[in-house]
Amino acid sequence: MIAEEIRLLHKELEGTGAQLVAVSKFHPVEALREAYDAGQRIFGESRAQELLQKIPAMPEDVKWHFIGHLQTNKVRSLMGRTALIESVDSEHLLNMIDRESERAGVVTRVLMQLHVAREETKTGFAPEELLDYFSRRSFEQLRATHICGVMGMASNTDDRARVSDDFRRIRATFDRIREICPDLRGFDTVSMGMSGDWKLALEQGSTLVRIGTRIFGARQY
Ligand SMILES: *Cc1c(COP(=O)(O)O)cnc(C)c1O
């Protein structure tokens, strides 16, 4: 089942230029292992504790993406452990990651999380806030953090037009940042699309889809 879904998704993503993050939060290591054996290498986790438990149980060439809300008191524990922290939702968190990265002697790759969904509960930067951050060129103060792009989620709705529009806004914000800062290097990632909406995200220019339920089944919280 898991292996089959991984192979199908890899096939469906072939030629799109987008990569697959297998969102494995709340699933046991055995399930991750099955996905790994089918060729999956990027895994997404949303809780620091769970991620740190899974790392030693999986092969070393796994690329771990952190995709959940990261509390500042957990930042230190993740230094040097992630290929990408996708969910930087405030300048405060970004600065903390930078301080701790420098302290640990590592460079941390991150995405800035955009809030475009019409739901109050979702965290992240409003598009204007993020454009302002790059207009101020505040990233030049970072010493050990590399901003690689943006991550976002669409509204949780069956209204496909609205979901597409949310993705279009995420991509447009990314494109605008590249216009504002044409000298930004390695700013090339647009992480959007989950189990229910990844095809719409691809249409709007996603380069990284984060898929959990379709691969691993429903999560038991
Ligand atoms: C859990 C989660 C996903 C995966 O969602 P599915 O609907 O299970 O595919 C993707 N992105 C983020 C940020 C998540 O927290």
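Sequence order sets the numbering: in each chain, residues are counted from 1 along the sequence as written. Under the rules for a predicted model, residues below a pLDDT of 70 receive no local features and side-chain atom pairs below 80 are neither given nor counted, while totals for whole chains, interfaces and linings still include all residues. As a convention, hydrogens and water are excluded, and side-chain values are obtained from all of the structure's heavy atoms.

**Q** Describe the packing of helix α6 (residues 127–135) against helix α7 (residues 160–180), naming the residues involved and giving the relevant values.
**A** All axes are obtained by fitting lines to C-alpha atoms, using only the stretch in contact for helices, and the reported angles, taken between N-to-C directions, cover 0 to 180 degrees. Helix and strand labels come from DSSP, where a helix needs a run of H or I of at least four residues and a strand needs a run of E of at least two; each type is numbered from the N terminus. Packing of α6 against α7 brings their axes to within 10 Å, and their N-to-C directions diverge by 15 degrees. Classified by the angle their axes make, α6 and α7 are roughly parallel. The two elements α6 and α7 cross, and the hand of that crossing is right-handed. Of the residues in α7, those in contact with P127, L130, L131, F134 and S135 of α6 are R169, T173, R176, I177 and I180. The residue inventory of the contact of α6 with α7, partitioned by class, reads 6 nonpolar, 2 polar and 2 charged. Just so you know how the angles are binned, under 35 degrees is roughly parallel, over 145 roughly antiparallel, 65 to 115 roughly perpendicular, and the rest oblique. Should the near helix be turned counterclockwise from the far one by less than a right angle, the crossing is left-handed, whereas a clockwise turn marks it as right-handed. Residues count as neighbours in contact if any of their non-hydrogen atoms are within 4.5 Å of one another. Here the nonpolar group is Ala, Val, Leu, Ile, Met, Phe, Trp, Tyr, Cys and Pro; Asp, Glu, Lys and Arg are the charged ones; every other residue, Gly included, is treated as polar.

**Q** Please set out the site of the ligand residue by residue, giving values where relevant.
**A** Residues are classed as near a molecule or strand on a simple rule: at least one heavy atom within 4 Å of it. Neighbouring residues of the ligand: V23, K25, I67, M153, M194, S195, R210, I211, G212, T213 and R219. In protein, a polar contact requires one atom able to donate a hydrogen and another able to accept it; more generally it is a pair of N or O atoms within 3.5 Å, and residues adjacent in sequence count only if both atoms are side-chain atoms. For the ligand, an oxygen atom lies 2.6 Å from a polar atom in the side chain of K25. One of the backbone nitrogen or oxygen atoms of G212 is found 2.8 Å away from an oxygen atom of the ligand. A total of 390 Å² of accessible area belongs to the ligand in isolation, and the protein chains cover 88% of it. Along the lines of polarity and charge, the residues of the shell around the ligand split into 5 nonpolar, 3 polar and 3 charged. For every accessible area listed, the method is Shrake-Rupley and the probe measures 1.4 Å; residues are considered covered only by the protein chains on display.

**Q** Any details on α6? Residues and values, ideally.
**A** Burial status follows relative accessibility: with a 1.4 Å probe on protein chains alone, a residue under 20% of its type maximum counts as buried, one over 50% as exposed, and anything between as partly exposed. For α6, the full list of buried residues reads P127, L130, Y133 and F134. The buried side chains of α6 occupy one side of the element, clustering within an arc of 120 degrees when seen end-on. Considering only its buried residues, α6 is in contact with α5 (91–104), β5 (108–115), β6 (145–153) and α7. Residue R137 follows α6 closely and has a positive phi angle near 55 degrees. It is the directions from the helix axis to the C-beta atoms that the arc portrays.

**Q** Mind laying out the nonpolar core, listing which residues take part and the relevant values?
**A** Side-chain atoms within 4.5 Å are what join buried Ala, Val, Leu, Ile, Met, Phe, Trp, Tyr and Cys residues into a set we call a nonpolar core. Within the largest apolar cluster, 61 residues are counted, with the highest numbers of intra-cluster contacts made by F43, I97, F134, I147, V150 and I215. In contact with F134, not counting residues within four places along its chain, are F139, I147, I177, I180, C181, L184 and F187. Counting residues in hydrophobic clusters, the runner-up holds 9 residues, among them V21, I67, L84 and C148.

**Q** Would you mind going over the packing of helix α1 (residues 2–13) against helix α2 (residues 29–37) in detail, with residue names and values included?
**A** Packing of α1 against α2 leaves a shortest axis separation of 8 Å and a crossing angle of 45 degrees. Taken together, α1 and α2 sit at an angle that is classed as oblique. When the axes of α1 and α2 are compared, the crossing they make is right-handed. In contact with I2, A3 and I6 of α1, α2 contributes A31, E34 and A35. A breakdown of the residues in the contact of α1 with α2 according to their chemical character gives 5 nonpolar, no polar and 1 charged.

**Q** I'd love a proper account of the pairing of strand β4 (residues 84–88), names of residues and values included.
**A** Within β4, 5 of the 5 residues are buried, which leaves it mostly tucked inside the rest of the structure. Between any two strands, pairing holds if DSSP finds at least two bridges. With 2 bridges connecting them, strand β3 (residues 63–66) and β4 associate as parallel partners. Bridge assignment links F66 to a residue of β4, and that residue is I85. Of the pairings in the sheet, the one linking β4 to β5 comprises 2 bridges and is parallel in character. Bridge pairing in β5 links I85 to V110.

**Q** Explain the packing of aromatic side chains to me, and be specific about the residues and the numbers.
**A** Think of it this way: a Phe, Tyr or Trp ring, Trp meaning its six-membered ring, pairs with another when their centres are within 6.5 Å, and the plane angle makes it stacked under 30 degrees, edge-to-face over 60, tilted otherwise. Enumeration over the complete set of coordinates arrives at 5 aromatic pairs. For the ring pair F43 and W64, a centre distance of 5.9 Å and an interplane angle of 40 degrees mean the geometry is tilted. Of this pair, F43 sits in strand β2 (residues 42–45) while W64 is found in strand β3, placing the two residues 21 residues apart along the sequence. A relative accessible area of 0% means that F43 is categorised as buried. Taken together, a centroid distance of 5.3 Å and an interplanar angle of 85 degrees make the contact between Y133 and F134 edge-to-face. Put simply, the rings of Y133, F134, F139, F174 and F187 pair up and form one aromatic cluster. In this structure, R41 is placed above the aromatic ring of Y36, and the distance from its NZ or CZ to the ring centre is 3.6 Å. Think of it as a cone above the ring: NZ of Lys or CZ of Arg counts as a charge over the ring if it is within 6 Å of the ring centre and within 35 degrees of the ring normal.

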